Structure formats: C-alpha cells, structure tokens
Amino acid sequence: MSEPSRELLASIPPLRRARVVRCLGGGRASDSWLLHTGGRDLVLRIDRALARVLGLDREAEWAVLETAHQARLAPEPVWRDASRGLLLTAWLPGPTWRAAGLDDPSRLDVLAGLLRRVHALPVDGSPSMPKFDPVASAQGYADAAGLGDDDPRLSTVRSLAADCFPPGLECRLCHMDPHAGNVIGDLAEGMGDLRLIDSARDMEGAGFLEKSGPENSSFPGPVHLAVWPLERWFSGR
C-alpha cells in the first residue's frame, strides 16, 4: 500500500500540515494510517475500491460514530468525505485487549457491561442511521464474491433473517465484532477509560461467503456499529 500523498493530505483540512507516522494495517476494503498534526495523533482510513462494491454505508457509520463518541464509547470522529472513502478519527493511545485476557471471568463481565452501554445508546430512526438489513448485506458480499442468487449460503441467510428479524422488533445499536482486539483501554482505570473500535467491519460477514474469515483488527481505528433488532438473539435462537 502506498503512503498517503501530500496532495491527498492537503485536500483534508485537518491534515494539511500532518506528518505520516506509520501504517496501521490494511484489509481488503481499506487501509489505515497514523498521522501527527497540531500536537495530536489521528487515524486516517482510506477505502479501497471494494468498499464501494460492498456498499459500505460510510454516512451511517459517521452518524453512529458521533453517537458512540458522545457516550465515551468510541474514538472521536474528526472529519470525513464519504464520496472519497475517507474517514479521520482520533487515535486511541490505550492498550489493546488480548484474547488470552478473556479467560478471566471479570474481564468478560466488563465486556458485557461495555456492550450493555452500546445497546442503551439512542437510535434516532433517521435515514442517517438505517436499520441493519442482513439479507442486503449478505447479497452485497455475494455480488462482490461473484456468487449467484441460488448460492445455498444466501438461502440460509434469507431463512435466518425471516425467522430472527420479523417486523416490529425494537432496534438497538449493536457492535458487530466485539472481540478482545476491538477493546481499547486500561481496565485498571475503570469502565470510563474503555473504548470500542472495530477495524474488522470492512469485511464483516465475510466468513459466511468466503473461505477466509474477517480480517485481523488489532490496531486502534474507527468503530463501526449497526442498528440491529434484538430479541431472539438472546434467547438462544
């Protein structure tokens, strides 16, 4: 992947005098870079062409980021240009949780409490925060993978969606990938110091349609949440 050009940085008001520190990593749909400017560190995510092919809704992402940040659950959204696939957020300097740490039941309790706070976030019902559509999402990934409409995995998604997402369910914001690598912060500082990120959302759901699973996301980056109906997910169905 190529380092962001000076021309690109000059076109982003907060980054006109920024210095590229390092690449944070990349996936199939985007690359992220750590930059320093004006005494602060920022993360610039640059979409690849696949992000548009998959129909990732970057405007909805921004709306949810703002809501989650106001609740001290996500990094600060600084700037975006969805038409160019650019998102700028504040860097989270805290440590990233590790999977081994989840062997400690107390950490699972903390993670559950963090997700409960996500589920309590307000959903305004506006077009900027649309309800998650599992069939449309799966169809987008299927189209990108060149799968036909008769693929049995798509049929499975449609069947599950019809059973688990009936009309009239109450909606809540839900994190789509709450593994240890998407939790940032020192537990010793208390719940208020913890933040959720989700760099793997670029390929969320890929495991259903491809042999490879979601890309690794152990670095601080933007958080992605989606509006999901809740009810039967917690009754074992």
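As a reminder, the structure under discussion sits directly above these lines.
Okay, so let's go over this structure.

What counts as what
- Residues numbered from 1 in each chain as written.
- Predicted model: local features only at pLDDT ≥ 70, side-chain atom pairs only at ≥ 80, totals over all residues.
- Heavy atoms only, no water.
- Helix = DSSP H or I, 4+ residues; strand = E, 2+ residues; numbered from the N terminus.
- Expected span 1.5 Å × (residues − 1).
- Buried < 20%, exposed > 50% of the residue type's maximum accessible area, 1.4 Å probe, protein only.
- Polar contact = N/O pair within 3.5 Å; in protein donor to acceptor, adjacent residues only side chain to side chain.
- Pairing = 2+ DSSP bridges.
- Axes fitted to C-alpha atoms, helices over the stretch in contact; angles between N-to-C directions.
- Contact = heavy atoms within 4.5 Å.
- Parallel < 35°, antiparallel > 145°, perpendicular 65-115°, else oblique.
- Nonpolar A, V, L, I, M, F, W, Y, C, P; charged D, E, K, R; others polar.
- Salt bridge = Lys/Arg side-chain N within 4 Å of Asp/Glu carboxyl O.
- Core = buried A, V, L, I, M, F, W, Y, C linked by side-chain atoms within 4.5 Å.

Our focus in this paragraph is helix α5 (residues 134-145). Taking 1.5 Å of rise per residue, twelve residues should cover 16 Å, and α5 covers 16 Å from first to last C-alpha, within 8% of that figure. Among all positions in α5, only Pro134, Ser137, Ala138, Gln139, Gly140, Tyr141 and Ala142 are buried. Looking at where α5 begins, the residue whose side-chain oxygen comes 3.1 Å from the main-chain nitrogen of Val135 is Asp133.

The antiparallel open sheet is built from five strands, whose spatial order is β1-β2-β3-β5-β4. The open sheet has two edge strands with one neighbour each: β1 (19-26) and β4 (77-81). For this sheet, the mean angle separating the axes of adjacent strands, direction not counted, is 20 degrees. Across the sheet, helix α3 (residues 58-70) is in contact with β3 (40-47), β4 and β5 (86-90); its angle to β4 comes to roughly 170 degrees.

Here we take up the packing of α5 against helix α6 (residues 152-164). Relative orientation of the contacting elements α5 and α6 amounts to 170 degrees, with a least axis distance of 9 Å. On the basis of the axis angle, α5 is roughly antiparallel to α6. Where α5 abuts α6, its residues Pro134, Val135, Ala138, Gln139 and Ala142 lie against Leu154, Val157, Arg158 and Ala161. Looking at side-chain class alone, the contact of α5 with α6 contains seven nonpolar, one polar and one charged residues.

Attention shifts here to the side chain of His175. Tracing the backbone shows His175 in strand β6 (residues 171-175). Here His175 falls in the buried class, since its relative accessible area comes to 8%. Looking at His175, its side chain comes within polar contact range of the main-chain nitrogen of Asp177, at 3.0 Å.

As a further point, take the pattern of salt bridges. Considering all chains together, one arrives at ten salt bridges under this definition. The partner of Asp47 in a salt bridge is Arg45, with the nearest N and O atoms 3.7 Å apart. For Asp47, a relative accessible area of 17% gives the class buried. Judged by relative accessible area, which is 2%, Arg45 ranks as buried. Here Arg172 ties to Glu170 by a salt bridge, and the two come within 2.4 Å at their closest N and O atoms. On the accessibility criterion, Arg172 (30% relative accessible area) is partly exposed. Three or more residues joined by partner-sharing salt bridges are found here, namely Arg45, Asp47, Arg58 and Glu61.

What follows concerns the nonpolar core. In terms of nonpolar packing, the biggest core is built from 21 residues, with Leu73, Trp97, Leu114, Leu173, Val183 and Leu196 touching the most fellow members. Mapped by element, the contributors of at least two residues to this core are α3 and α4 (105-119). If we ignore the near neighbours within four places in the chain, the residues touching Val183 are Pro95, Thr96, Trp97, Leu111, Leu114, Arg195 and Leu196. Residues Ala18, Leu35, Ile46 and Leu86 belong to the second largest nonpolar core, which totals 14 residues.

A few words on α3. For α3, with 13 residues, the first-to-last C-alpha span of 18 Å sits near the 18 Å given by 1.5 Å per residue. Within the sequence span of α3, burial applies to Arg58, Ala60, Glu61, Trp62, Ala63, Val64, Leu65, Thr67 and Ala68. The distance from a side-chain oxygen at the start of α3 to the backbone nitrogen of Glu59 is 3.2 Å, and the residue carrying that oxygen is Asp57. Just downstream of α3, Arg72 is the residue with a positive phi angle, here 60 degrees.

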